[in-house]
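Per-entry structural report
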Amino acid sequence: VEEVLPDLETMLKTEKHASPLAGAAWAAGRLGAAGRPLLPLLRELAKSADKGVASTCEQSIDVIEKAPAVPQVAEGEARK
């Protein structure tokens, strides 16, 4: 998850075309609680004139906000 957050953040900040923006917003929603750092960008994009982008952002915001927090497990513990 940590690997994709910077890429999604960059796309949500810089992309101008609707299709890649909607794809990045959709992907952010699939991260669940791990996508919380992207909420400010998603909220801003939810105001988009493009109804597809706005709708996808709203859906992802809803999914992220409702997702249970994921407990952080140390890498060493995860490998056990």
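I will try to describe carefully the structure that is included in this document.

What counts and what doesn't
- Residues numbered from 1 in each chain as written.
- Predicted model: local features only at pLDDT ≥ 70, side-chain atom pairs only at ≥ 80, totals over all residues.
- Heavy atoms only, no water.
- Buried < 20%, exposed > 50% of the residue type's maximum accessible area, 1.4 Å probe, protein only.
- Helix = DSSP H or I, 4+ residues; strand = E, 2+ residues; numbered from the N terminus.
- Arc of directions from axis to C-beta.
- Axes fitted to C-alpha atoms, helices over the stretch in contact; angles between N-to-C directions.
- Parallel < 35°, antiparallel > 145°, perpendicular 65-115°, else oblique.
- Contact = heavy atoms within 4.5 Å.
- Nonpolar A, V, L, I, M, F, W, Y, C, P; charged D, E, K, R; others polar.
- Core = buried A, V, L, I, M, F, W, Y, C linked by side-chain atoms within 4.5 Å.
- Salt bridge = Lys/Arg side-chain N within 4 Å of Asp/Glu carboxyl O.

The subject of this paragraph is helix α1 (residues 5-14). Every α-helical turn comprises 3.6 residues, leaving residues that sit three or four positions apart pointing alike. Among the residues making up α1, those that are buried are L5, L8 and L12. Projection of α1 onto a plane perpendicular to its axis shows the buried side chains occupying an angular sector of 70°, all on one side.

Below, the discussion takes up the packing of helix α2 (residues 18-30) against helix α4 (residues 51-66). Look at α2 against α4: their axes get within 8 Å of each other, and the N-to-C directions meet at 10°. As judged from the angle between their axes, α2 and α4 are roughly parallel. Mapping the contact onto sequence places A18, L21, A22, A25, W26, A28, G29 and R30 in α2 and V53, T56, C57, S60, V63 and I64 in α4. Along the lines of polarity and charge, the residues of the contact of α2 with α4 split into 10 nonpolar, three polar and one charged.

This paragraph deals with the nonpolar core. Counting residues in each nonpolar core, the largest one holds 19 residues, and the members touching the most others are L12, L38, L42 and C57. Residue contributions to this core peak at five residues, all from α2. Residues contacting L12, with those up to four places away along its chain left out, are L21, A24, A25, L38, L41, L42 and L45.

Attention shifts here to the pattern of salt bridges. On inspection of all chains with the given rule, the structure shows four salt bridges. Here E44 makes a salt bridge to K47, at a shortest N to O gap of 3.5 Å. Overall, K47 belongs to the exposed group, its relative accessible area being 64%. Among the salt bridges present, the one from K66 reaches D62, with a minimum N-O distance of 3.3 Å. Within this pair, K66 and its partner D62 are both found in helix α4, separated by four residues, close to a single helical turn.

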